[in-house]
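# Structural characterization, general
Chain by chain, the residues:
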Amino acid sequence: MTELSRRTYLKTAGAAAAGMAGLAGCSGTSAATGTLATQVTDQPGDIADFESCVVTIQGIWIKPSGESDDDDTSASTDETETEGTDAGQTESGQTETDRVEQQDESDIDQGDGREYHEFDEAQEADLVELQDGNTQLIDERSLDVGEYQYLQLDVTGVEGVLADGGDAEVDTPGSAPLQFNEPFEIRDGEMTTFTGDFTPVRRGRTDRYLLQPVASGIEVEYEAEDEDGS
C-alpha cells in the first residue's frame, strides 16, 4: 500500500470510528476502559555497528481478539539466526541473533480488523541509547477493555549512522509495520505497559539492515492506576 493510499485509508477508518463513538454517546452507554502504555527497547542484533539509529514512529496498530485471522500470517515467523551476522553468544550458548524473530512482509498482518491509533506527534527513538534494559515511552492512551492479539509499530523512517561515520540503510520488512506477536489485555482501571523489543540486523555483508522484533525481549506488565487516572 502506498503512503497516500495508507493515509486515505486511515482517515476513512478514523471517520468510521468517530461515527461509532457518536452512536455510543447517543445510546447513553460508556464502555469500560484501561490504559495502554507503549515502550520500546533494543537488546541484541547488530546495534553495535551503529553510532546512532533513530527510528521515527507515527502510530500503532492493535488487533482485538476474536477478529478474523484470514489475513493474519504471523504464526509463520521463525526465530532463527540471520545470515551474515557475527553476534556473540549469550550465557546459554545461544547467539544474540538466534533470539531475533525473522519477519518478512508476508508474516505481517495488514488485513482488516486492526485498529490504528496515530500519535499526535511522531516519536523518535535512538536504539543505540535503548540498550542494556533502557526503555523509552512513546505513547499512552485509553482503550476499550478487552484482549488483543498483537501490537504493531508504524515505522515511517529510520536514520542510521555507523560507528565508522558511514550511512546505513535501515528498513522494515517490505516497508510493513513492525509486528510484536505477544497477546495482551486492557483491564478496567489498570495500566498495561507493552514493551516492544527490536533491533537492526545486517543483511549479508552489506551496509543494509532490517529492523526485526526480538521475541524474547517483549514484556507486558499490568498495574493498577491511581484514582486520578495516572
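Since this is a predicted model, take the numbers as computed values, not measurements.

Here the focus is the overall build of the chain. Check the secondary structure of the chain and you find one helix and 11 strands. When the elements of the chain are put in sequence order from the N terminus, they spell out α-β-β-β-β-β-β-β-β-β-β-β. Across the 230 residues that make up the chain, the buried fraction comes to 42%. Considering only contacts within the chain whose residues lie at least 6 apart along the sequence, 83% involve residues at least 24 apart. Accessible surface, the chain: about 11700 Å² in total, of which carbon and sulfur atoms supply 43%.

Now for the nonpolar core. Counting 32 residues, the largest nonpolar core has Leu 36, Leu 151, Leu 153, Phe 198 and Leu 211 as the members making the most contacts within it. When sequence neighbours within four positions are dropped, the list of residues in contact with Leu 151 reads Leu 36, Thr 38, Ile 60, Trp 61, Ile 62, Leu 178, Gln 179, Phe 180, Phe 184 and Phe 194.

Turning to the environment of Val 170, a few remarks are in order. Mapped onto the elements, Val 170 comes out in strand S6 (residues 167–171). With residues up to four places along the chain from it excluded, the contact list for Val 170 reads Phe 50, Val 158, Tyr 209 and Leu 211.

All right, on to the pairing of S6 then. Burial of the side chains of S6 is restricted to one face: Ala 168 and Val 170 are buried, whereas none of Asp 167, Glu 169 and Asp 171 on the reverse face is. Hairpin connection from strand S5 (residues 146–162) to S6: four residues lie between these consecutive antiparallel strands, with Gly 165 at a positive phi of about 95°. Pairing geometry for S6 and strand S10 (residues 208–213), over three bridges, is parallel. When the bridges of S10 are listed, Asp 171 appears paired with Leu 210.

Procedures and definitions
- Residues numbered from 1 in each chain as written.
- Predicted model: local features only at pLDDT ≥ 70, side-chain atom pairs only at ≥ 80, totals over all residues.
- Heavy atoms only, no water.
- Helix = DSSP H or I, 4+ residues; strand = E, 2+ residues; numbered from the N terminus.
- Buried < 20%, exposed > 50% of the residue type's maximum accessible area, 1.4 Å probe, protein only.
- Contact = heavy atoms within 4.5 Å.
- Areas by Shrake-Rupley, 256 points an atom, 1.4 Å probe, with all protein chains shown as cover.
- Core = buried A, V, L, I, M, F, W, Y, C linked by side-chain atoms within 4.5 Å.
- Pairing = 2+ DSSP bridges.

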